[in-house]
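Given next are the chains, with one letter for each unit.
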Amino acid sequence: MSTATHLAHDIKIIEDSARQFAQAHILPHVMEWDESQTFPMDLMHQLGEQGFLGVLVPEEYGGSGLGYQEYITIITEIAKVCGSIGLSLAAHNSLCTNHILSFGNEEQKRKWIPKLATGEWIGAWGLTEPNTGSDAMRMQCTAVKDGDDYIINGTKCWITHGKSGHVAVVIVRTGELLDSHGMTAFVIERGTPGLKAGKKENKLGMRASETAEMIFEDCRVPAANILGKVGDGFIQSMKILDGGRISIGALGLGIAKGAYEASVKYSKERHQFGQPISNFQAISFKLADMATKIEAAEHLLRKAAELKNAGQNCTKIAAMAKYYASEVSVQVATDAVQIFGGYGYTKDFPVEKFYRDSKLCTIGEGTSEIQKMVIARELTKEL
Ligand SMILES: Cc1cc2nc3c(=O)[nH]c(=O)nc-3n(C[C@H](O)[C@H](O)[C@H](O)COP(=O)(O)OP(=O)(O)OC[C@H]3O[C@@H](n4cnc5c(N)ncnc54)[C@H](O)[C@@H]3O)c2cc1C
């Protein structure tokens, strides 16, 4: 078997296992969790047992030791059934865990990675603040040195698992405003005095993925919890977001595939004017557009994953994949609701949820506008 055939074979096995897991353990609860905004911690532990919470982590740290192709396959399959769980998987794997794995020293990796990779602990990652989302360099949350510790004050918001996460990587200001070397990444465990959870957001979509504020009031954290060097936090975050963007692209792709598959099925079953609505060109052309966009999004994502696996610079392609797959997600989910007609506007069919969930993909981990800025900046470097 060639390497490519091996890879395709392995991915098929992983795809089947993620699909079976999602059908058995997620699908029966999707609407209940969505309506009550329940973050299913038990399910997260089960995902850990499956190896889905340490996908990119080497086996020596308790992970699955897989690459980005397998990772996007898992996120896509889970998001086909529930975007919220896909988002939680993405934040845990490629933000929190990957930040510690990429920039932690050996002691830090041994301390936190096995717990995260096995799902014993759930991870969070905090960059965004109430007044600084896209403009993260103006963050206000500060860490001030005090002996062997740092004292952290400020608020991080919109943090996935900000309340229930057992540990978070938090990027805070240790230097001057607007200095790209003025920010530092700390690992902070839940229960650390001075850290409390704030408001849990009541969201349009992704309602089973917890999003909450993290409030720091004279929170004392040992300098030993710094990842890499003081001042490296922002640069590290930009590198982490390259991988994060691939995972949000995969999230968008999964939502689009779920909405598309439901639409094909429905269009063959629903009859109007004495025939299935799939016979109408207006509907079949929509399906053709949806399928074409999904195929193109997947190719971009696979290219980004290939570069990432090879350790090559993937900033431009990852931003393109995130931007395109997210926009496709929204377009496909919107068309899906249209194909379902009035039924698509109800909670009796899955497409209204795909429609609500899809919008997060164009916002989280850098909005579509910010992706275009990143792409344009990379292009000007090339030309
Ligand atoms: C469900 C959810 C989960 C999240 N999880 C996390 C998490 O785990 N950790 C974390 O740190 N953050 C998280 N976020 C935050 C997310 O990354 C931010 O919402 C996102 O980066 C946008 O920031 P903002 O919301 O402050 O929007 P703003 O930055 O205020 O942007 C508002 C609008 O202005 C546009 N805009 C801003 N600047 C420019 C510019 N220079 N040029 C053109 N247009 C511009 C934006 O594209 C957008 O359309 C999450 C958000 C959500 C909704």
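Here the structure is a predicted model, which is why all the values come from computation and not from measurement.

Reading the values: the criteria
- Residues numbered from 1 in each chain as written.
- Predicted model: local features only at pLDDT ≥ 70, side-chain atom pairs only at ≥ 80, totals over all residues.
- Heavy atoms only, no water.
- Helix = DSSP H or I, 4+ residues; strand = E, 2+ residues; numbered from the N terminus.
- Buried < 20%, exposed > 50% of the residue type's maximum accessible area, 1.4 Å probe, protein only.
- Lys, Arg positive; Asp, Glu negative; His and termini not counted.
- Charge placed at Lys NZ, Arg CZ, Asp CG, Glu CD.
- Core = buried A, V, L, I, M, F, W, Y, C linked by side-chain atoms within 4.5 Å.
- Contact = heavy atoms within 4.5 Å.
- 1 Å grid on protein atoms, 1.4 Å probe; cavity = no way out; pocket = protein on both sides within 12 Å on 5 of 7 lines; lining within 4 Å.
- Points joined across faces, edges and corners; volume = space filled by probe spheres on them.
- Salt bridge = Lys/Arg side-chain N within 4 Å of Asp/Glu carboxyl O.
- Near = heavy atom within 4 Å.
- Polar contact = N/O pair within 3.5 Å; in protein donor to acceptor, adjacent residues only side chain to side chain.
- Areas by Shrake-Rupley, 256 points an atom, 1.4 Å probe, with all protein chains shown as cover.
- Sits in = over half its atoms within 2 Å of the grid points.
- Nonpolar A, V, L, I, M, F, W, Y, C, P; charged D, E, K, R; others polar.
- Pairing = 2+ DSSP bridges.

1. What about the overall build of the protein chain?
When its secondary structure is counted, the protein chain shows eleven helices and nine strands. Taken over 383 residues, the protein chain has a buried fraction of 54%. Positive and negative side-chain charges in the protein chain, numbering 40 and 45 respectively, have mean positions lying 3 Å apart.

2. Considerations on the nonpolar core
Note that soluble globular proteins tend to have their nonpolar side chains buried in a common cluster. Of all hydrophobic cores here, the largest spans 66 residues; its most connected members are Ile-26, Leu-47, Ile-78, Ile-85, Leu-89, Ile-246 and Leu-251. In terms of residues, this core owes the most to one element, helix α9 (residues 315-340), which gives eleven residues. Leu-47 has contacts with Phe-21, Phe-52, Leu-53, Ile-78, Ile-85 and Leu-89, leaving out every residue within four places of it along the chain. With 26 residues, the next largest nonpolar core counts Leu-101, Met-139, Val-167 and Met-183 among its residues.

3. Points about the layout of surface pockets
In this structure, the largest pocket occupies an estimated 1,200 Å³ of space. For the largest pocket, the lining is made up of 48 residues, of which Thr-128, Ile-363, Gly-364, Glu-365 and Gly-366 are closest to its centre. Within the residue set of the lining of the largest pocket, elements represented by two or more residues are α5 (83-103), β3 (149-160), α7 (233-269), α10 (351-361) and α11 (368-382). Sorting elements by how many residues they give to the lining of the largest pocket places α7 first, with eight residues.

4. Side note on the pattern of salt bridges
Overall, the coordinates contain 24 salt bridges when judged by the stated rule. A salt bridge links Glu-129 to Lys-156; the shortest N-O distance between them is 2.8 Å. A residue pair is termed long-range when its members are at least 10 positions apart, and Glu-129 in the loop between β1 (123-126) and β2 (142-146) and Lys-156 in strand β3 qualify at 27 residues. For the salt bridge of Glu-382 with Lys-316, the shortest nitrogen-to-oxygen distance reads 2.9 Å. Within this pair, whereas Glu-382 is found in helix α11, its partner Lys-316 is found in helix α9, the two being separated by 66 residues in sequence. Here the salt bridges share partners, and the residues they tie into one network are Lys-12, Glu-15, Asp-16, Arg-19, Glu-77, Lys-80 and Glu-261.

5. Observations concerning the site of the ligand
Taken together, 18 residues sit near the ligand, with Thr-128, Ser-134, Trp-158, Thr-367 and Glu-369 positioned nearest. In the environment of the ligand, a nitrogen atom lies 2.7 Å from a nitrogen or oxygen atom belonging to the backbone of Trp-158. In the complex, 66% of the free accessible area of the ligand, which totals 980 Å², lies under the protein chains. For the ligand, the cavity whose grid points lie within 2 Å of the majority of its atoms is the largest pocket. Elements supplying a minimum of two residues to the shell around the ligand: β1, β3 and α11. Ranked by residue count, the leading element in the shell around the ligand is β3, at three residues. Within the shell around the ligand, the residues separate by chemical class into seven nonpolar, eight polar and three charged.

6. Observations concerning unusual backbone geometry
Positive phi, normally seen in glycine, also occurs at Gln-37, with a value near 55 degrees. By the secondary structure assignment, Gln-37 is in the loop between α2 (30-36) and α3 (41-49).

7. Details of the pairing of strand β7 (residues 211-222)
Where β3 and β7 come together, nine bridges link them in antiparallel fashion. Bridge pairing in β7 places Thr-160 opposite Thr-211. The pairing of strand β6 (residues 195-200) with β7 spans four bridges and is classified as antiparallel. Looking at the pairing, Lys-196 lines up with Ile-215 of β7.

8. Let's talk about the side chain of Ser-164
On the secondary structure map, Ser-164 appears in the loop between β3 and β4 (167-173). Of the polar contacts made by the side chain of Ser-164, one reaches the side chain of Glu-210; its length is 2.6 Å. Residues contacting Ser-164, with those up to four places away along its chain left out, are Phe-39, Met-41, Arg-190 and Glu-210.

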